[in-house]
Amino acid sequence: MKKILDKLMKEKELCEIHTSFSDKDSFNMGYVIATDDYYALFQMVSPDGMDDGIYLQAINSIDVISIKTEYIAAIKRLMTKEKFNITLSERKCENCMKYILNEIKNTKQICTIYVDDGWGLCGKIEDMYEDIVELRSLEVTGREDGFEYLRIDDIESISTKSSDERKVQFLNDNLSV
């Protein structure tokens, strides 16, 4: 898969990323912006043809990659309508996991971290240790709800700056309103 992802990155090809053979209608869509031996970073596109943040995905969890589908053609038309003017900047990173975790922590972004059983935790990265991430949990209402400690090795994917995280960020910034 890594060779295909590298080719798609070089060609700036919009692709569907499927992580479940059993649910062919559930997938993410985006442009590959970085890879290492274990993970790929994507600039995501929403079903509305809008910017949907950055997504890290474990390469070994990708079952199928689709390109040049009718659905992708429709999304590209929506991207034109929405003036989705994405500037694909390939990231240079030897370790995509550490790169995205550090970027999220340093910029205080909200993220959703998915562990290998599909469980997603939304919050802000407070600290990182050698193999552990400390996450200040946030409810979908934007309210803080304690801390979570996750082993980095258990992380399958991470989403940041998606419409979901932007909603939680807005709610968290405007709790008193």
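Placed above this text is the structure.
The paragraphs below set out a description of the structure included in this document.

Calculation criteria
Residues numbered from 1 in each chain as written. Predicted model: local features only at pLDDT ≥ 70, side-chain atom pairs only at ≥ 80, totals over all residues. Heavy atoms only, no water. Helix = DSSP H or I, 4+ residues; strand = E, 2+ residues; numbered from the N terminus. Rg over C-alpha atoms; globule rule 2.2 N^0.38 Å. Buried < 20%, exposed > 50% of the residue type's maximum accessible area, 1.4 Å probe, protein only. Contact = heavy atoms within 4.5 Å. Arc of directions from axis to C-beta. Core = buried A, V, L, I, M, F, W, Y, C linked by side-chain atoms within 4.5 Å. Pairing = 2+ DSSP bridges. Axes fitted to C-alpha atoms, helices over the stretch in contact; angles between N-to-C directions. Polar contact = N/O pair within 3.5 Å; in protein donor to acceptor, adjacent residues only side chain to side chain. Phe/Tyr/Trp six-rings, centres within 6.5 Å; stacked < 30°, edge-to-face > 60°.

Describing the overall build of the protein
Secondary structure assignment for the protein yields four helices and 10 strands. In the protein, the succession of α and β elements from N to C terminus is α-β-β-β-β-β-α-α-β-β-β-β-β-α. Taken over the C-alpha trace, the protein has a radius of gyration of 16 Å; the compact-globule value for 177 residues is 16 Å, and the two agree within 12%. Principal-axis analysis of the C-alpha atoms places the extent of the protein at approximately 45 × 40 × 35 Å. Residues classed as buried in the protein amount to 45% of the 177 residues present. A separation of at least 24 residues holds for 57% of the contacts in the protein among residues at least 6 apart in sequence.

Topic: helix α1 (residues 2-11)
Looking only at α1, the buried set comprises L5, L8 and M9. On an axial view of α1, the arc spanned by its buried residues comes to 100°, and they lie on one face. Residues of α1 that are exposed and angled more than 90 degrees away from the buried face: K3, K7 and K10. Those residues of α1 that are buried lie in contact with β1 (15-18), β2 (28-35), β3 (39-45) and β5 (64-67). One or two positions beyond α1, positive phi appears at K12, with a value near 50°.

Some remarks on the nonpolar core
With 24 residues, the main nonpolar core has L41, L56, M97, I113 and I158 as its most contacted residues. Counting only elements with at least two residues in this core, the list comes to β2, β3, β4 (51-58), α3 (96-107), β6 (110-115), β7 (120-128), β8 (132-138) and β10 (155-160). If you tally residues by element for this core, the top one is α3, at five residues. Ignoring anything within four residues of it in the chain, the contact list for M97 reads D36, Y39, L56, I152, I155 and I158. Judged by nonpolar contacts, the second largest core, of 13 residues, contains L8, V32, M44 and I62.

Describing the sheet that holds β1
Taken together, the 10 strands give an open sheet; going across it, the order is β5-β1-β2-β3-β4-β10-β6-β7-β8-β9, and neighbouring strands pair in antiparallel fashion. Strand pairing shows two members of the sheet lacking a second neighbour, β5 and β9 (144-151), which therefore form its edges. Ignoring strand direction, the axes of neighbouring strands in this sheet form an average angle of 40°. Inspection of the sheet shows β2 paired to β3 by five bridges, in the antiparallel sense. By the bridge assignment, G30 is partnered in β3 with M44.

Considerations on the side chain of T112
With respect to the helices and strands, the residue T112 is situated in strand β6. For T112, a relative accessible area of 10% corresponds to the buried category. Side chain to side chain, T112 and E165 meet in a polar contact 2.5 Å long. Here T112 is in contact with G120, L121, C122, S157, I158, S159 and E165, once residues within four sequence places are set aside.

Description of the packing of aromatic side chains
Within the structure shown, the criterion is met by one aromatic pair. Look at F27 and Y71: their rings are 5.7 Å apart centre to centre, the planes differ by 85°, and that puts the pair in the edge-to-face class. Pair noted here: F27 is in the loop between β1 and β2 and Y71 is in helix α2 (residues 70-81), with a separation of 44 residues, a long-range link. On the accessibility criterion, F27 (27% relative accessible area) is partly exposed. Classification of Y71 by relative accessible area gives partly exposed; the value is 37%.

It is worth stressing that arrangement in space is one thing and function is another; only the former is reported here.
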